[in-house]
Amino acid sequence: MFDMMKMMGQIKEVQGKVKEAQENLVHITAEGEAGAGMVKAKVNGKKQVISIEIDDSLVNDNDKEMIQDLTVAAVNKAMEEVDGLAKEEMRKATDGALPNIPGMDLGNMFNG
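Residues numbered from 1 in each chain as written. Predicted model: local features only at pLDDT ≥ 70, side-chain atom pairs only at ≥ 80, totals over all residues. Heavy atoms only, no water.

As annotated in an unreviewed UniProt entry, the protein chain is Nucleoid-associated protein QYS49_30275 from Marivirga salinarum. In its Subcellular location (unreviewed entry) section, the UniProt entry covering the protein chain states "Cytoplasm, Nucleoid". Quoted straight from UniProt, the Subunit (unreviewed entry) entry for the protein chain says "Homodimer." (UniProt positions renumbered as here; feature names shortened; annotations may be inferred.)

Laid out in C-alpha cells, this is it:
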C-alpha cells in the first residue's frame, strides 16, 4: 500500500535539499575565454559574472569594439559551462531521494 504521507515527507525533504543546493550554487564557478585567452570571464552557478580579465595587449582605444565582442563571447562560454555544472549539482541533490514513479518527472518541479 502506497503511503501518501511518506511521499509528502520525501518531497519536503527533497525541497529542502534543492533549496540548500541552490544556495550553494554561488560556490560553483566556471571560466570562459575568448581570443586565445586574451579575455577571460568567471561566473558562478547562479549565473552571476564574478570577474572579467582583459589582456593588457588589448587596451587600446582602437580595439574597443573587439574588446566588447570578446568579453561577450567569454561570458557566454562561461555561462554555458556553469549551466551544466549547476544541473549536475541539482541532480546530485535529488538523486535517490524521490520514489521512481514511471512517467512522472518530479525533478522539473524544483527548477528555479
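Caption draft 1: Highlighting the overall build of the protein chain. When helices and strands are counted, the protein chain shows two helices and three strands. Of the regular secondary structure in the protein chain, the N- to C-terminal order runs α-β-β-β-α. Classification of the 112 residues of the protein chain by burial places 29% in the buried group. Restricting the contact set of the protein chain to residue pairs at least 6 apart, pairs at least 24 apart contribute 55%. Entry remark: accessible area of the protein chain is about 7,900 Å², with carbon and sulfur atoms responsible for 50%. (Helix = DSSP H or I, 4+ residues; strand = E, 2+ residues; numbered from the N terminus. Buried < 20%, exposed > 50% of the residue type's maximum accessible area, 1.4 Å probe, protein only. Contact = heavy atoms within 4.5 Å. Areas by Shrake-Rupley, 256 points an atom, 1.4 Å probe, with all protein chains shown as cover.)

Caption draft 2: The packing of helix α1 (residues 4-24) against helix α2 (residues 64-94), seen in detail. At their nearest, the axes of α1 and α2 sit 9 Å apart, and the two run at 150° to each other. It follows from the interaxial angle that α1 and α2 lie roughly antiparallel. In the packing of α1 onto α2, the handedness of the crossing is right-handed. For the pair α1 and α2, contact is made by Val14, Lys17, Val18, Ala21 and Gln22 and by Met90, Ala93 and Thr94, respectively. Broken down by class, the residue content of the contact of α1 with α2 amounts to five nonpolar, two polar and one charged. (Axes fitted to C-alpha atoms, helices over the stretch in contact; angles between N-to-C directions. Parallel < 35°, antiparallel > 145°, perpendicular 65-115°, else oblique. Left-handed = near helix turned anticlockwise from the far one by under 90°. Nonpolar A, V, L, I, M, F, W, Y, C, P; charged D, E, K, R; others polar.)

Caption draft 3: Looking closely at α1. Taking 1.5 Å of rise per residue, the 21 residues of α1 would be expected to cover 30 Å, and the 30 Å separating its terminal C-alpha atoms lies within 8% of that figure. For α1, every residue scored as buried is listed here: Met7, Ile11, Val14, Val18 and Ala21. Seen along its axis, α1 keeps its buried residues to an arc of 85°; they face one direction. With respect to the buried face of α1, the exposed residues turned more than 90 degrees away are Met5, Lys6, Lys12 and Lys19. In the core, the buried residues of α1 are packed alongside α2. (Expected span 1.5 Å × (residues − 1). Arc of directions from axis to C-beta.)

Caption draft 4: The pairing of strand β3 (residues 49-54), seen in detail. Of the pairings in the sheet, the one linking strand β2 (residues 39-44) to β3 comprises five bridges and is antiparallel in character. The partner of Val39 across the bridge, within β3, is Ile54. What sits between the antiparallel neighbours β2 and β3 is a turn of four residues, in which Lys47 has the positive phi angle 60°. (Pairing = 2+ DSSP bridges.)

Caption draft 5: A look at the sheet that holds β2. In space, the three strands of this open sheet follow the order β1-β2-β3, with antiparallel pairing throughout. One side of each edge strand has no neighbouring strand; the edge strands of this open sheet are β1 (29-34) and β3. Each strand axis lies, on average, 15° off the axis of its neighbour in the sheet, ignoring direction. Along the sheet face, α2 touches β1, β2 and β3 and points at about 145° away from the line of β1.

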